[in-house]
Amino acid sequence: RAKSAGKNRYEFFLKEMKTTLVDSLLLENELRRCIENEEMHLHYQPQIDLRTGRIVGLEALVRWQHAERGMISPMDFIPLAEDTGLIEPLGEWVLKHACERFQAWLMSGLNFGKIAVNLSTKQFRLRRFEQTVMSILMETRLAPQYLELEITESSAMENAEEAIHMLNCLSKLGLSLAIDDFGTGYSSLAYLRRFPINKLKIDRSFVNDIDEDGSDSAIAKSIIDLAHNLKLDVLAEGVEHLDQSHWLLSKGCNQVQGFYYSKPLPEAQLLALVNSDRAERDSAGVRLLL
Ligand code: C2E
Ligand code: MG
Ligand code: MG
Ligand code: MG
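Here the structure is a predicted model, which is why all the values come from computation and not from measurement. (Residues numbered from 1 in each chain as written. Chains lettered and ligands numbered in written order. Predicted model: local features only at pLDDT ≥ 70, side-chain atom pairs only at ≥ 80, totals over all residues. Heavy atoms only, no water.)

Participant: I would appreciate a short explanation of the overall build of the protein in the present structure.
Facilitator: A tally of regular secondary structure across the protein gives 12 helices and nine strands. Carbon together with sulfur atoms contributes 52% to the accessible area of the protein, which is approximately 15,200 Å² in total. (Helix = DSSP H or I, 4+ residues; strand = E, 2+ residues; numbered from the N terminus. Areas by Shrake-Rupley, 256 points an atom, 1.4 Å probe, with all protein chains shown as cover.)

Participant: Would you mind going over the nonpolar core with me for this structure?
Facilitator: For soluble globular proteins, the rule of thumb is that nonpolar side chains tend to be buried together. Membership of the largest hydrophobic core comes to 82 residues, with the highest contact counts inside it found for Met-40, Ile-115, Val-133, Leu-147, Leu-149, Phe-195 and Leu-248. Of the residues forming this core, the biggest block, 10 residues, is contributed by helix α3 (residues 87–107). (Core = buried A, V, L, I, M, F, W, Y, C linked by side-chain atoms within 4.5 Å. Buried < 20%, exposed > 50% of the residue type's maximum accessible area, 1.4 Å probe, protein only.)

Participant: How do you make sense of α3 when you look at a structure like this?
Facilitator: Note that an α-helix has 3.6 residues per turn; residues three or four places apart therefore point the same way. The end-to-end C-alpha distance of α3 is 30 Å, a good match for the 30 Å that 21 residues give at a rise of 1.5 Å each. Within two residues after α3, Gly-109 carries a phi angle of roughly 90 degrees, on the positive side. (Expected span 1.5 Å × (residues − 1).)

Participant: I tried to follow the coordination of the magnesium ion (ligand 3) on my own but got confused; where do I start?
Facilitator: The expected angle between donors at a tetrahedral four-coordinate metal is 109.5 degrees. At an octahedral six-coordinate metal it is 90 or 180 degrees. Each protein donor to the magnesium ion (ligand 3) is listed here as Asp-180 (OD), Asp-181 (OD), Glu-237 (OE) and Glu-237 (OE); together their distances run 2.0 to 2.5 Å. All donors to the magnesium ion (ligand 3) come from one chain, and their sequence spacing reads D-D-x55-E. Between the magnesium ion (ligand 3) and the magnesium ion (ligand 2), a separation of 4.2 Å is found, and both are coordinated by Asp-180. Of this pair, Asp-180 sits in strand β6 (residues 176–182) while Glu-237 is found in the loop between β8 (233–236) and α11 (242–250), placing the two residues 57 residues apart along the sequence. The two residues Asp-180 and Glu-237 agree in class, both being buried. (Donors = N, O, S within 2.8 Å, 3.2 Å for Na, K, Ca; no water.)

Participant: Would you mind showing me how to read the pairing of strand β4 (residues 115–118) here?
Facilitator: It is a general feature of regular strands that their side chains alternate between the two faces of the sheet. Judged from the three bridges that link them, strand β2 (residues 55–66) and β4 form a sheet pairing that is parallel. When the bridges of β4 are listed, Ala-60 appears paired with Val-117. Note that β4 and strand β5 (residues 147–152) share four bridges and pair parallel. By the bridge assignment, Asn-118 is partnered in β5 with Glu-150. (Pairing = 2+ DSSP bridges.)

Participant: Would you take a moment to explain the coordination of the magnesium ion (ligand 2) for this structure?
Facilitator: Protein coordination at the magnesium ion (ligand 2): the donors are Glu-59 (OE), Asn-118 (OD1), Glu-150 (OE) and Asp-180 (OD), at 2.0 to 2.2 Å from the metal. Between consecutive donors of the magnesium ion (ligand 2), the numbers of intervening residues give the motif E-x58-N-x31-E-x29-D. The class for Asp-180 is buried, based on a relative accessible area of 5%.

Participant: Could you clarify how one ought to interpret the site of ligand 1 in this entry?
Facilitator: Not every one of the 23 residues close to ligand 1 is listed here, only the nearest: Arg-63, Asn-118, Asp-180, Glu-240 and Phe-259. Within the side chain of Asn-118, an N or O atom sits 2.9 Å from an oxygen atom of ligand 1. Arg-204 places a side-chain nitrogen or oxygen 3.2 Å from a nitrogen atom of ligand 1. Considered on its own, ligand 1 offers 800 Å² of accessible surface; in the complex 85% of this is hidden by protein. In terms of residue count, the dominant contributor to the shell around ligand 1 is β2 (four residues). For the shell around ligand 1, the per-class residue count stands at 10 nonpolar, five polar and eight charged. (Near = heavy atom within 4 Å. Polar contact = N/O pair within 3.5 Å; in protein donor to acceptor, adjacent residues only side chain to side chain. Nonpolar A, V, L, I, M, F, W, Y, C, P; charged D, E, K, R; others polar.)

Below is the structure:
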């Protein structure tokens, strides 16, 4: 009996494994098709200056709205895109679309400060990636000072000499660079000092329990101090409560981003938010200013 139960379990396991494999192959094909048909969307999350309460940037976050599966998280399909070589067209689509929308907003008199675009590990290591960025800037006519590229701490520290070279090439284009998810990787401070970066983004795992004065608060405070010592801006990710912003402001953090201020929004909702905010500027409780 035990034997047959074991066998059943084994068969069950095999079946599960096959479905996952078939699933990911299906997804890969669909991902390919969706990129080709431009069925991806971007959402935009405001970044707020803590002192003024104003929007100083937007982070572009890619969304895949699948016909049957619903919304697929970038945490699931970015790794798939990296493994299948689709990260190059996907990354280019994201960058181009983000720059194009930002330029269109500028032309209509809306200046959100900067547009931040995430780069995957493989993407920013691509040879001549800076050429791709340059041609997208030229094509969309976006001035480079409006563009910020985000790379994660772990991807920057992996082969750091090469990363420094790549970041220097990008920095020479006149755009800004931010280190994302800071605190979750293993930074060498010697390297960090040599990166031509403008901003550290404190990972949201350290922002969660920030007002309770435990070890997460100590880490967040250390990152803020480190950023200031290196003359960098510092932004806290994942701010969900006003208390967290108060704490962060008291420790000298420059910028915040999180659900408390706004979830990542599709363009129409972003513009509606900005317009309603303008209309209600004088009423109490308005948190976003532009
Ligand atoms: P990230 O760059 O660190 O982006 C922040 C993530 O935190 C976003 O998840 C955002 O929706 C979420 N978030 C923002 N505020 C809050 C908050 O207050 N509470 C909580 N719980 N979460 C918050 P999302 O959009 O699912 O993206 C996840 C990750 O996928 C991103 O992390 C980024 O690493 C990657 N990603 C997203 N878009 C792109 C893209 O266009 N290219 C690449 N290469 N990666 C992307
Ligand atoms: Mg990011
Ligand atoms: Mg992050
Ligand atoms: Mg993240």
